[in-house]
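# What the coordinates show
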Amino acid sequence: MTSKLSPRPVVAVVGTTGVGKSQLAVSLARSLKETDDIRKAVILSADSMQLYKGLDVITNKVTEEEKGGVEHWGLDVVQPGEGGSWELGRWCKEAERKMESLPDFTLPIICGGTHYFIQHFLFPPKELSFDRPRDQQEARASNPLATRWTPPGPCPPTPASMSPELRRLLDTFWTTEASFPEADSAAAESVGTSPCSRPTITNNHELLCLWQVLDCIDPDEAKRWHWKDGRKVRRGIERWWERGGRKVEPQTFTMRGATEGRQARTLLFWVYESMDSLKPRLDGRVDRMVANGLLREIEELRQIAIHLYGSAQNTDHSEGIFQAIGQCNVGTELTAGYKEFANLHLPQEHPETDKQFQTMLDRMKVSTHQYAKSQIKWIKKQLLPAVKEARDLGGDVHLYVVPGGPAGEAIARTVLDGKTLPDPQTTGHPNASLLTQSLFQVTGRIPDTAERQILNARRVCDVCSEPGNPYSVKAAEWQEHLKSRIHRREEWIEEQRRKGLAKKAARSNLRENGSITEANQA
């Protein structure tokens, strides 16, 4: 690469799991020559699970051989359950620190499947919370059972309309003995109290109560989440408290390097394969994971959880590596496992002979397909609009879609080496123009960050809701929902119910009038 850019460029590699992102990043790093202005590269791993030491099979880490002698940052950084919480803000802060420490001749290549890490690092929202309070981090680092979040100060003022029951929940939701309102009817069995740092709520009544708290104190934030998305609802309440109850303005982002009055060139490579060709590769990778010791690492992770938290029941499944394991009942014992293998008893000499093993393996493959689809959806719905918004703001941002394997690596090297960048719609993957058409719209515009928050809001359909089970619909899909078979059926049922009540009331009036007439005649 011979072009001189100021400041140095940033390269990011995105794409689905198993598509070949790491191979592309390593290939780009190794293609740099000693005679170039940028003659070395460091790969910054943007993977929320590969941060944790060990468990290489579960987290699909690159091997030493696959690293090809290229320095990788962001792998094996912290022990599971220790070192505090490595969430979005902290990763961005540490990645920024690493990038600032690199010599000017070193190219940072950000690569990973946790796309919201990459997006928020390249296009950071102005109100991104970069870290937890230091005292809470230190407490969590020394004691995994310490409460994960505690209020930073007195509770901000709440609406006068807030019920006493919800106010009590607001005052206690962060503790291990949260005071939930009583259910009006028989609800799902409660998870009970637990010494876990953030007990996982699973029954609908408690999830709904928590969402109702957020809806009362911050309706705009509540509209962003399904009421069953307890982790994000809880974090919404925490952010409201941290802001002192102030209303937050719709988020916009700042361009990296803008504070210095200059813009870094940002090159994004989207490694893309269609799901039809990717599925067999993903299935093969799952089989290799099992052959390479996946079940052994599942048992190891279970033991780590028991060592840190005292028992499987106390494990915080909303934090760190433990998000990768599920929890379920095996007989009378609550245990943990890797997602679909949660019900598998381990250790056992030949787990593949377990009657549930094949079903679990097949389910894991399906879940991997679904995860890959969700990653593609994120790129299309979140990352591409952020790239478009950055370009509209004058950012020197370019995105290329490339196939996996050697062909994609050759294309990416051509782009990286060029003084004049090629046309991204005609360079790379055969479907590049179709996949990135939103970036090049001449008429109309795609929503910016603030508008996407509004479009992603949700509404509750009263017609389709049941007591204790609101029917939540994305606002963007509201009109489609109104035309759906489910909604029309519920409307018909509601109409029949109203007609039935009207007829009942009419008969009651007739009987009452008849009784009055007979009494008058008597």
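The rules behind these values
Residues numbered from 1 in each chain as written. Predicted model: local features only at pLDDT ≥ 70, side-chain atom pairs only at ≥ 80, totals over all residues. Heavy atoms only, no water. Helix = DSSP H or I, 4+ residues; strand = E, 2+ residues; numbered from the N terminus. Contact = heavy atoms within 4.5 Å. Polar contact = N/O pair within 3.5 Å; in protein donor to acceptor, adjacent residues only side chain to side chain. Buried < 20%, exposed > 50% of the residue type's maximum accessible area, 1.4 Å probe, protein only. Axes fitted to C-alpha atoms, helices over the stretch in contact; angles between N-to-C directions. Parallel < 35°, antiparallel > 145°, perpendicular 65-115°, else oblique. Left-handed = near helix turned anticlockwise from the far one by under 90°. Nonpolar A, V, L, I, M, F, W, Y, C, P; charged D, E, K, R; others polar. Pairing = 2+ DSSP bridges. Core = buried A, V, L, I, M, F, W, Y, C linked by side-chain atoms within 4.5 Å. pLDDT = per-residue confidence, 0-100. Phe/Tyr/Trp six-rings, centres within 6.5 Å; stacked < 30°, edge-to-face > 60°. Lys NZ or Arg CZ within 6 Å of the ring centre and 35° of its normal. Salt bridge = Lys/Arg side-chain N within 4 Å of Asp/Glu carboxyl O. Expected span 1.5 Å × (residues − 1).

Following the sequence through the fold, Trp91 ends up in helix α3 (residues 88-101). Separated by 30 residues in sequence, Trp91 and Phe121 have C-alpha atoms that sit 8.7 Å apart. Once residues within four sequence positions are removed from consideration, Trp91 is found in contact with Ser45, Ala46, Leu51, Trp73, Trp86, Ile110, Phe117 and Phe121. Engagement of the side chain of Trp91 in a polar contact is seen with the backbone oxygen of Ser45, the distance being 3.3 Å.

Glancing now at unusual backbone geometry. The amide bond that connects Leu346 to the next residue, Pro347, takes the cis arrangement and shows omega of 0 degrees. The backbone of Asn60 shows a phi angle near 55 degrees, a positive value even though the residue is not glycine. By secondary structure assignment, the location of Asn60 is in the loop between β2 (40-45) and α2 (64-67). On the accessibility criterion, Asn60 (27% relative accessible area) is partly exposed. Its identity as a non-glycine residue notwithstanding, Asp76 has a phi of 55 degrees, on the positive side. Summarising the element assignment, Asp76 is placed in the loop between β3 (71-73) and α3.

What follows concerns helix α1 (residues 21-31). The buried count for α1 comes to eight of eleven residues, which makes it a mostly enclosed element. What α1 keeps buried is the set Lys21, Leu24, Ala25, Val26, Ser27, Leu28, Ala29 and Ser31.

It is worth spelling out the packing of α3 against helix α4 (residues 115-122) at this point. Relative orientation of the contacting elements α3 and α4 amounts to 60 degrees, with a least axis distance of 10 Å. As the angle between them shows, α3 and α4 are arranged oblique. The way α3 lies across α4 gives a crossing that is right-handed. Residues Leu88, Trp91, Cys92, Ala95, Glu96 and Met99 of α3 form the contact with α4, whose participating residues are Tyr116, Phe117, His120 and Phe121. Grouping the amino acids of the contact of α3 with α4 by side-chain chemistry returns eight nonpolar, one polar and one charged.

Glancing now at the sheet that holds β2. One open sheet accounts for six strands, arranged β3-β2-β4-β1-β5-β8; its pairing is parallel. Taken across any chain shown, the strands that pair with only one partner, and hence form the sheet edges, are β3 and β8 (397-402). Between one strand axis and the next, the sheet turns by 25 degrees as a mean value, whatever way the strands run. Sheet topology note: the strand β1 (residues 10-15)/strand β4 (residues 106-111) ladder contains three bridges and is parallel. Counterpart to Ala12 in the pairing with β4 is Ile110. Contacts from α4 reach β1, β4 and β5 (266-271) within the one sheet, and its direction differs from that of β1 by about 155 degrees.

Attention now moves to the nonpolar core. Formed by 69 residues in total, the largest nonpolar core has its most connected members in Val11, Trp91, Ile109, Ile110, Leu122, Phe269 and Trp270. Sorting elements by how many residues they give to this core places helix α12 (residues 357-392) first, with eight residues. Leaving out residues up to four positions away in the same chain, Val11 has contacts with Leu28, Leu107, Pro108, Ile109, Ile110, Leu267, Phe269 and Leu416. One finds Cys209, Leu210, Ile217 and Val233 within the second-largest nonpolar core, a separate group that totals 22 residues.

Once that is clear, we can look at the side chain of Thr436. Tracing the sequence through the fold places Thr436 in the loop between α14 (432-435) and α15 (449-455). In this structure Thr436 comes out as buried when scored by relative accessible area, which is 2%. Here the side chain of Thr436 touches Ala432 through a polar contact of 2.7 Å, landing on its backbone oxygen. Those residues in contact with Thr436 that lie beyond four places of it in its chain are Leu399, Val401 and Gln425.

With that settled, consider the confidence of the model for the chain. Per-residue pLDDT for the chain averages 80, and the proportion of residues at 70 or more is 75%. A low-confidence stretch, residues 186-194 (pLDDT under 50), is modelled with 15 contacts involving residues beyond four sequence positions or located in other chains. In the predicted structure, residues 325-337 sits below a pLDDT of 50 and forms 41 contacts with residues beyond four places in sequence or in another chain.

Moving on, we get to the packing of aromatic side chains. Remark: the centre distance and the inter-plane angle together describe each pair of aromatic rings, the angle taken between the planes. If you walk through the whole model with that rule in mind, you get ten aromatic pairs. Centroid distance Trp73 to Trp91: 6.0 Å. Interplanar angle 55 degrees. Geometry classified as tilted. Within this pair, whereas Trp73 is found in strand β3, its partner Trp91 is found in helix α3, the two being separated by 18 residues in sequence. The same class applies to Trp73 as to Trp91, namely buried. Ring geometry for Trp240 against Trp241: centres 6.4 Å apart, planes inclined by 75 degrees, an arrangement best described as edge-to-face. Trp241 shares its class with Trp240; the two are buried. Here the aromatic residues Trp73, Trp91, Tyr116, Phe117, Phe121 and Trp378 are joined through ring pairs into a cluster of three or more. Sitting over the face of the ring of Trp478, Arg459 holds its NZ or CZ atom 4.0 Å from the ring centroid.

A large share of β8 lies buried, amounting to five of its six residues. Taken together, the six bridges between β5 and β8 define a ladder with parallel strand orientation. Residue pairing across strands places Leu267 opposite His398, the latter belonging to β8.

Let us now look at the pattern of salt bridges. Per the stated rule, a full pass over the model turns up 19 salt bridges. Here Lys232 ties to Asp229 by a salt bridge, and the two come within 3.9 Å at their closest N and O atoms. Its relative accessible area of 36% is what places Lys232 among the partly exposed residues. Within the structure, one salt-bridge network assembled from shared partners comprises Glu494, Glu495, Arg497 and Arg498.

Moving on to helix α9 (residues 230-242). For α9, spanning 13 residues, the distance from its first C-alpha to its last is 18 Å, which sits close to the expected 18 Å at 1.5 Å a residue. Contacts made by the buried residues of α9 are with α6 (164-172), α7 (204-217) and α8 (219-222). Directly beyond the C-terminal end of α9, a positive phi value near 75 degrees is found at Gly244.

With that settled, the discussion passes to the environment of Asp215. Examined against the element boundaries, Asp215 turns out to sit in helix α7. Using a relative accessible area of 30% as the deciding quantity, one classes Asp215 as partly exposed. A C-alpha to C-alpha distance of 9.4 Å links Asp215 and Val233, two positions 18 residues apart in sequence.

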